[in-house]
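Listed below, chain by chain, are the residues.
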Amino acid sequence: MISGMCQDPRFRLSFRTANAEDFCLISMGIPGGTLGGTRGPTLEGTATGIGGGAAEVTGADGDPYFVLRRSFDEGAAVVAARVDWEGIFTLLANDDEHAEAVFAELIAPGAPEDTIRQWSDDAATMMLYSEMLHLA
């Protein structure tokens with residue numbers, strides 16, 4: 001698990017390594033109001049090679065967020081990243097090398113701070129990773 005907060009939550013996805021199993025969900029939901037002038041993340045790119053569908057990740061609180069799930073090695077390694085509108089990110093994976101590759105491509109350009117890297121097998125983390133794997 002890699003988690004932290006981005007100072008400049010602006011993300012550009014590269015689809016050169018995308019597979020048919022890859023998935024990107026963008027939730028723009030804002031509960032009853034406006035952002036009040038707070039800037040959230042922006043996501044640039046096209047959906048070439050990315051599977052579609054809609055699903056909710058529990059604990060979303062109705063705030064905007066996006067989830068990226070990218071598979072490697074014919075699905076043997078899967079990295080799932082969630083970034084909330086404030087730039088708070090959680091990256092979960094079953095492979096450290098591929099997790100670092102997605103971090104470098106997606107998160108590092110957003111100037112991450114307070115980044116924590118740790119092994120975690122607690123129930124809440126495993127449930128979140130499972131939910132991200134089963135989206136669409």
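Position labels on residues start from 1 in each chain and follow its written sequence. For this predicted model, a pLDDT threshold of at least 70 governs which residues receive local features, and a threshold of 80 or more governs which side-chain atom pairs are given and counted, while totals over whole chains, interfaces and linings are taken from all residues. As a rule here, side-chain values cover all heavy atoms of the structure and leave hydrogens and water aside.

Q: What am I meant to see in the overall build of the protein here?
A: Along the protein, the regular secondary structure elements total 2 helices and 8 strands. Only DSSP runs of H or I reaching four residues or more are called helices, and only runs of E reaching two or more are called strands; each is numbered from the N terminus. Listing the helices and strands of the protein from first to last along the sequence gives β-β-β-β-β-β-β-α-β-α. Exposed residues in this analysis have more than 50% of their type's maximum accessible area, buried residues have under 20%, and partly exposed residues fall in between, with area computed by a 1.4 Å probe over protein chains only. Counting the 136 residues in the protein, one finds 39% classified as buried. A separation of at least 24 residues holds for 72% of the contacts in the protein among residues at least 6 apart in sequence. We get accessible surface area from the Shrake-Rupley algorithm with a probe of 1.4 Å; when it comes to residues, only the shown protein chains can shield them. By element, 54% of the accessible surface of the protein is carried by carbon and sulfur atoms, the whole surface being about 7400 Å². Residue contacts are counted whenever heavy atoms from the two residues lie within 4.5 Å of one another.

Q: I would appreciate a short explanation of unusual backbone geometry in the present structure.
A: What you tend to see is this: most non-glycine residues have negative phi, and most peptide bonds are trans. Positive phi, close to 50 degrees, is recorded for Asp73, a residue that is not glycine. Counting through the fold element by element, Asp73 comes out in the loop between strand 5 (65-72) and strand 6 (77-84). Among the residues examined, Asp73 registers a relative accessible area of 52% and is labelled exposed. Despite not being glycine, Ala111 shows a phi value in the positive range, around 55 degrees. Note on placement: Ala111 falls in the loop between helix 1 (96-107) and strand 8 (112-117). For Ala111, a relative accessible area of 29% corresponds to the partly exposed category.

Q: Looking at this model, I keep getting lost on the pattern of salt bridges. Mind explaining?
A: Any two side chains of opposite charge can pair, so long as their charged atoms come close to each other. The term salt bridge refers to a pairing of a side-chain nitrogen on Lys or Arg with a carboxyl oxygen on Asp or Glu at a separation within 4 Å. Taken as a whole and assessed by the stated rule, the structure comprises 3 salt bridges. The shortest N-O distance in the salt bridge between Arg82 and Asp84 comes to 2.8 Å. Among the salt bridges present, the one from Glu100 reaches Arg117, with a minimum N-O distance of 2.7 Å. Remark: Arg117 occurs in strand 8 and Glu100 occurs in helix 1; sequence separation between them is 17 residues.

Q: What should I look at first to understand the nonpolar core in this one?
A: It is characteristic of soluble globular proteins that their nonpolar side chains tend to be buried jointly. Throughout, nonpolar core names a set of buried Ala, Val, Leu, Ile, Met, Phe, Trp, Tyr and Cys residues whose side chains join them through atoms within 4.5 Å. The biggest cluster of nonpolar side chains holds 18 residues, and the ones touching the most others in it are Phe11, Phe89, Leu91, Leu106 and Ile107. Only strand 1 (2-6), strand 5, strand 6, strand 7 (88-93) and helix 1 provide two or more residues apiece to this core. By residue number, the principal contributor to this core is helix 1, which donates 5 residues. Every residue in contact with Phe89, bar those within four places of it in the chain, is listed here: Ile2, Ser3, Gly4, Met5, Cys6, Arg82, Val83, Phe103, Ile107, Pro112 and Thr115. Phe23, Tyr65, Ala80 and Leu135 belong to the second-largest nonpolar core, a separate cluster that totals 10 residues.

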